[in-house]
Amino acid sequence: MKVETSKKTAAACSRETCSGCPIDGKLLCLHTPKDILDFGVLAIGFFIPFIAGMAISGFWIGLTVWFGLAVIFFGYVEASVLCRHCPHYAEQGFTLKCHANYGFPKIPRFDPRPLSQIEKIVFRGYSSVLLLYYIPFFILGQQWLLLVITSWAVLTWFWTLLRTQCTRCYNIFCPLNRVPEDIQQEFFNNYPAFAEAQKKQR
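Residues numbered from 1 in each chain as written. Predicted model: local features only at pLDDT ≥ 70, side-chain atom pairs only at ≥ 80, totals over all residues. Heavy atoms only, no water.

Here's the deal with the layout of surface pockets
By volume, the largest pocket amounts to about 1200 Å³. Around the largest pocket, the lining comprises 43 residues; the ones closest to its centre are F39, F74, E78, W157 and L161. Of all elements in the fold, only α1 (33–56), α2 (60–81), α3 (117–132) and α5 (144–165) reach the threshold of two or more residues within the lining of the largest pocket. Grouping the constituent residues of the lining of the largest pocket by class yields 32 nonpolar, 9 polar and 2 charged. (1 Å grid on protein atoms, 1.4 Å probe; cavity = no way out; pocket = protein on both sides within 12 Å on 5 of 7 lines; lining within 4 Å. Points joined across faces, edges and corners; volume = space filled by probe spheres on them. Helix = DSSP H or I, 4+ residues; strand = E, 2+ residues; numbered from the N terminus. Nonpolar A, V, L, I, M, F, W, Y, C, P; charged D, E, K, R; others polar.)

This is how it looks when you write it as structure tokens:
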């Protein structure tokens, strides 16, 4: 999708400027480095005890497998079932520039339609595997303290994500999206391609 140089809004938005837009500041249409940092900090609390527990117990093969699954997920699967349905995917360039997956490749084609049931199942299932992968390993390694710390980190991350990120998420069709209905309606007013795709899928 070609973006005019004079355009001051997000690529897929029908508006030419954010001035006067009713959802300006209420959705992460145009994010800042702070938004990327906020999202990244949430994940650090999980990675530190997870990697420490796997290393202390000597589960190097298990850790390698997890990294392999993560590369496949973030490199292609997530883009295929979730990201390509987001307006950020319509932006120019080969890589994403959103606050959550900045820099990841845009391999599948952009598709403004809502996620199918299979795509929702794949996204939720694969995400759960990555986030809960540590549980059987920590139990086998008897890393009880790290099991509690990592579980608390996962719960805290997920709870914070839902309350601070998902309520402003630009990907309206994400299964975790918590944007209020009135803001969603304004979004569809500004993004006719997504509104049309949603009507066709009903």
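Quick notes on empty space enclosed by the protein
This structure, assessed with the given rule, holds 1 cavity of 30 Å³ or more. Estimated volume of the largest cavity: approximately 40 Å³. In this structure, the largest cavity is lined by F74, E78, A79, C83, L96, N101, F104 and P105. Across the lining of the largest cavity, the residue classes break down as 6 nonpolar, 1 polar and 1 charged.

Points about the nonpolar core
F50, F187 and Y191 are the most contacted members of the largest nonpolar core, which totals 48 residues. Listing elements by their share of this core, those giving two or more residues are α1, α2, α3, α4 (134–140), α5, α6 (181–190) and α7 (192–201). (Core = buried A, V, L, I, M, F, W, Y, C linked by side-chain atoms within 4.5 Å. Buried < 20%, exposed > 50% of the residue type's maximum accessible area, 1.4 Å probe, protein only.)

Section: the state of the cysteines
Two cysteines form a disulfide when their sulfur atoms are joined by a covalent bond. Using the criterion set out here, one finds 0 disulfides in the structure. Not engaged in a disulfide, the cysteine C166 finds its nearest cysteine sulfur in C169; these two sulfurs lie 6.2 Å apart. (Disulfide = S-S within 2.5 Å.)

Considerations on the packing of α1 against α2
Contact geometry of α1 with α2 gives a least axis separation of 8 Å together with a crossing angle of 145 degrees. Only W60, G62, L63, W66 and F67 of α2 make contact with α1, whose side of the interface consists of F46, F47, F50, I51, M54 and A55. Looking at the contact of α1 with α2 residue by residue, the classes come out as 10 nonpolar, 1 polar and no charged. (Axes fitted to C-alpha atoms, helices over the stretch in contact; angles between N-to-C directions. Contact = heavy atoms within 4.5 Å.)

Details of the confidence of the model for the chain
For the chain, per-residue confidence averages 86 on the pLDDT scale, and 95% of positions sit at 70 or higher. Segment residues 1–7 is flagged for pLDDT under 50; beyond a separation of four residues in sequence, or across chains, it makes 14 contacts in the model. (pLDDT = per-residue confidence, 0-100.)

Structural notes on the side chain of N177
Looking at where N177 falls in the secondary structure, it is placed in the loop between α5 and α6. Among the polar contacts made by the side chain of N177, one reaches the main-chain carbonyl oxygen of C169 at a distance of 3.3 Å. Residue contacts for N177: discarding those within four places in its chain leaves C166, C169, N171, I172 and Q184. (Polar contact = N/O pair within 3.5 Å; in protein donor to acceptor, adjacent residues only side chain to side chain.)

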